[in-house]
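# Notes for the structure review
One-letter residues, chain by chain:
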Amino acid sequence: MDLYASHTNSTRTLSELHRLGWHVLMTPTSVQKIRGKTRPTWPDGSPAPYAMDNGAWTAFVRGTPFDAPAFRFALERIGEGTVWVVMPDCVGDAQRTLEMAEEWWPELCQHQVLLAVQDGMRQDQVVAWLDRGLAGIFVGGSTEWKLRTLADWARLARDHGRICHVGRVNSVRRVRQCIDAGVHSVDGTGATRCTCVARRLSRGLIQQSLLRSLVV
């Protein structure tokens, strides 16, 4: 399972993330802050593997509308090299998220796109998008709903040969839950805020992966 940390301009933090084998999660805001580069790199100048979120969570926390121009700017600047990009969504609102997917799909269909599933979204609604060529599922929504349903979304993604990514994973307990569910990747801000969190989550990933291998 791949671990993604929110991008930062801190050389010390990036060096530690690089050493631990992490990936970087970019947002429209972090793209605007890249200093003199078009894509994220590690402090030694080597390219950093990255994916791109859409900024909807930041807008939700701030109580502001989704920033479509900022997302388009980020997509134009780094979209070509991203592992995947999250379709614009509305946090906690399944119907509006599906409407936004219809609106944005013509612009994004050439990318590896993940649909951010939200509280109340049904599997048949997501399968319809997987059949249209969606690259996978980003498990968003409220924390309670996310934890209750993530195993179902991971199973659905695996059954269709697609990616399942889970957002806001900042504890070893959640890392273990995601590994057990068969999730492909997770992200969190905790590893960026404190490198001790990154080390702890990396150890949790290794320990749980070893445990699963012994059980199998």
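Now for a description of the structure that goes with this document. (Residues numbered from 1 in each chain as written. Predicted model: local features only at pLDDT ≥ 70, side-chain atom pairs only at ≥ 80, totals over all residues. Heavy atoms only, no water.)

### So, the pairing of strand 6 (residues 136-139)
Two strands pair when backbone bridges link them, and strand 5 (residues 113-117) and strand 6 are joined in this way by four bridges, in the parallel orientation. Paired with Val-117 across the two strands is Val-139, which belongs to strand 6. Crossover connection from strand 5 via helix 6 (residues 123-131) to parallel strand 6: handedness right-handed. Pairing analysis gives four bridges linking strand 6 to strand 7 (residues 163-166), with the strands arranged parallel. Residue pairing for strand 7: Gly-136 is matched across the bridge by Ile-163. A crossover connection joins strand 6 to the parallel strand 7 through helix 7 (residues 143-159); in handedness this β-α-β unit is right-handed. (Pairing = 2+ DSSP bridges. Helix = DSSP H or I, 4+ residues; strand = E, 2+ residues; numbered from the N terminus. Right-handed = clockwise from strand over helix to strand, strands pointing away.)

### With respect to the state of the cysteines
Under the counting rule described, the total for this entry stands at one disulfide. Note that Cys-194 is cross-linked by a disulfide to Cys-196, the S-S spacing being 2.4 Å. Taking the sign of the torsion about the S-S bond as the criterion, the disulfide between Cys-194 and Cys-196, at about 110°, is right-handed. On the basis of relative accessibility, which here comes to 32%, the residue Cys-196 falls in the partly exposed class. (Disulfide = S-S within 2.5 Å. Buried < 20%, exposed > 50% of the residue type's maximum accessible area, 1.4 Å probe, protein only.)

### Quick look at the pairing of strand 8 (residues 185-188)
Residues of strand 8 alternate between two faces, with Ser-185 and Asp-187 on one and Val-186 and Gly-188 on the opposite face, all of them buried. Pairing of strand 1 (residues 2-6) with strand 8, which is carried by four bridges, proceeds in the parallel orientation. Directly across from Ala-5, in strand 8, lies its bridge partner Gly-188. Direction of pairing for strand 7 relative to strand 8: parallel, over a ladder of two bridges. Directly across from Val-166, in strand 8, lies its bridge partner Val-186. For the segment spanning strand 7, helix 8 (residues 172-181) and strand 8, crossover handedness is right-handed.

### Considering the pattern of salt bridges
According to the stated counting rule, one finds 10 salt bridges in the structure shown. A salt bridge links Glu-144 to Arg-148, with the shortest nitrogen-to-oxygen separation between them at 3.9 Å. Note that Glu-144 and Arg-148 are positioned in helix 7 at a spacing of four residues, about one turn of the helix. The same class applies to Glu-144 and to Arg-148, which are both exposed. A cluster of three or more residues bridged by salt bridges with shared partners is formed by Glu-16, Arg-19 and Arg-199. (Salt bridge = Lys/Arg side-chain N within 4 Å of Asp/Glu carboxyl O.)

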